[in-house]
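# Coordinates in review
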Amino acid sequence: MTLVTATERPARGAPRAEGARRPSGHGAWFLVLPALIPILVLSVGPLLYGILLAFTDAQSGRTRATQWVGGLNFQDLLHDTLFWESFRIGLVWAVGVTAPQFLLALGLALLLDQDLKLRWLARALAIIPWAMPEVVVGVMWRLVYNPDAGVLNETLRTLGLGDGRDWLSGLSTALPAVIVVGVWAGMPQTTVTLLAGLQNTPRELHEAAAMDGAGAWRRFRTVTWPALRPVALAITALNFIWNFNSFALVYVLTSGGPGGRTRLPMLFAYEEAFRYGQFGYAAAMGLVMVAVVSLLLALFLVGRLEDRAGGGAA
């Protein structure tokens, strides 16, 4: 057997041989192709088709060919008060769910990060809502909000706080009731993400701050939050997108009612496409929603990054 001596072994950090270089451009594309094809087929392709559809008068069940109408669908959208009302409701829903979701998840993540007894059980229970399909969550909460035999109304009657009410059918209570469900259903995902960020924070920094006499709030403000901020920024932006694009949960709970009080933009576009058959008009709605949400997120991220840069410069 031939042994390789120390003088024959290439030195660490020495340039590799020509044949050991990284794959060429064609070879790299060949390696990523299996992952790239599903993205192109299932994401990019439908997106491009939806953009194209937004400039046509495509309808369901029509016999004549689809016509190119240019920006006519977008002109109609500018004067569609029902769509812009649903857009306003969608923003209220997205902010109303994302903000409490983050605050409650942050508190729960801080609690689960402590050295508590049965912490493993608490962490397992905390992610149960995340493991449940949205349809199941919606059906379960419909039973909770049931005006006759729901858990919520029965509890209020037992405590002598009234005879209860029809939470999902009331004009003033439907949207807040749905927001509560959205916060409950999405909080575990945010909790897990923030908990992972907390566990990546070096313990030595907390110990050093405690030895300097810093209290719990000061340690959180000067040690925990700076390390957690990038994770918090990312999960908040993603939550806003996911919540604004919600469909199944609200559809199961209220189907957009009563009187359109919970008709989110996605529900409105769904009704235009599959109830009234206006595929081109619905595609234009989707394109407008993507553009506006992207703009809002860009402004949000730029503002947060500028604040971060300013804080670092200070």
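This is a predicted model, so every value here is computed, not measured.

## So, the overall build of the protein
Regarding its fold elements, the protein presents 13 helices and 0 strands. Helices and strands appear in the protein in the N-to-C order α-α-α-α-α-α-α-α-α-α-α-α-α. Put simply, of all contacts in the protein between residues at least 6 apart along the chain, 65% involve residues at least 24 apart. Total accessible area computed for the protein in this model is approximately 19500 Å², and 66% of it derives from carbon and sulfur atoms.

## What to know about a nonpolar patch on the surface
On the surface, a nonpolar cluster with roughly 870 Å² of combined accessible area is contributed by Leu33, Ile37, Ile39, Leu40, Val41, Leu42, Val44, Leu47, Leu48 and Ile51. Inspection of the secondary structure assignment puts Leu33 in helix 1 (residues 25-53).

## Details of the packing of helix 8 (residues 174-199) against helix 10 (residues 216-244)
The packing of two helices is summarised by the inter-axis angle and the distance between the axes. Taken N-terminus to C-terminus, the directions of helix 8 and helix 10 make an angle of 160°; their axes are 9 Å apart at the nearest point. Classified by the angle their axes make, helix 8 and helix 10 are roughly antiparallel. You can see that helix 8 and helix 10 cross each other, and the crossing is right-handed. Touching Gln189, Thr190, Thr193, Leu194, Gly197 and Leu198 of helix 8 are Thr224, Leu228, Val231, Ala232, Ile235, Asn239 and Trp242, all from helix 10. Of the residues belonging to the contact of helix 8 with helix 10, the class tally is 7 nonpolar, 6 polar and no charged.

## Looking at the confidence of the model for the protein
Of the residues in the protein, 88% reach a pLDDT of 70 or more, and the chain-wide mean stands at 84. Considering only residues more than four positions removed or in separate chains, one finds that residues 1-10, a stretch of pLDDT under 50, has 2 contacts.

## Focus on the packing of aromatic side chains
The full count for this structure, using the stated rule, is 18 aromatic pairs. For the pair Tyr251 and Tyr270, a centre-to-centre distance of 5.7 Å together with 75° between the ring planes defines the contact as edge-to-face. Here Tyr251, found in helix 11 (residues 248-253), pairs with Tyr270, found in helix 12 (residues 265-275); they are 19 residues apart in sequence, far enough to count as distant. Assessed through its relative accessible area of 34%, Tyr251 is described here as partly exposed. Among the residues examined, Tyr270 registers a relative accessible area of 31% and is labelled partly exposed. Taken together, the ring pairs in this structure connect Phe83, Trp84, Phe87, Phe240, Phe244 and Phe268 into an aromatic cluster. The cationic tip of Arg165 hangs over the ring face of Trp167; the distance from NZ or CZ to the ring centre is 5.7 Å.

What counts and how
Residues numbered from 1 in each chain as written. Predicted model: local features only at pLDDT ≥ 70, side-chain atom pairs only at ≥ 80, totals over all residues. Heavy atoms only, no water. Helix = DSSP H or I, 4+ residues; strand = E, 2+ residues; numbered from the N terminus. Contact = heavy atoms within 4.5 Å. Areas by Shrake-Rupley, 256 points an atom, 1.4 Å probe, with all protein chains shown as cover. Patch = residues over 30% accessible without salt bridge, like charges linked within 9 Å, V, L, I, M, F, W, Y side chains within 5 Å. Salt bridge = Lys/Arg side-chain N within 4 Å of Asp/Glu carboxyl O. Axes fitted to C-alpha atoms, helices over the stretch in contact; angles between N-to-C directions. Parallel < 35°, antiparallel > 145°, perpendicular 65-115°, else oblique. Left-handed = near helix turned anticlockwise from the far one by under 90°. Nonpolar A, V, L, I, M, F, W, Y, C, P; charged D, E, K, R; others polar. pLDDT = per-residue confidence, 0-100. Phe/Tyr/Trp six-rings, centres within 6.5 Å; stacked < 30°, edge-to-face > 60°. Buried < 20%, exposed > 50% of the residue type's maximum accessible area, 1.4 Å probe, protein only. Lys NZ or Arg CZ within 6 Å of the ring centre and 35° of its normal.

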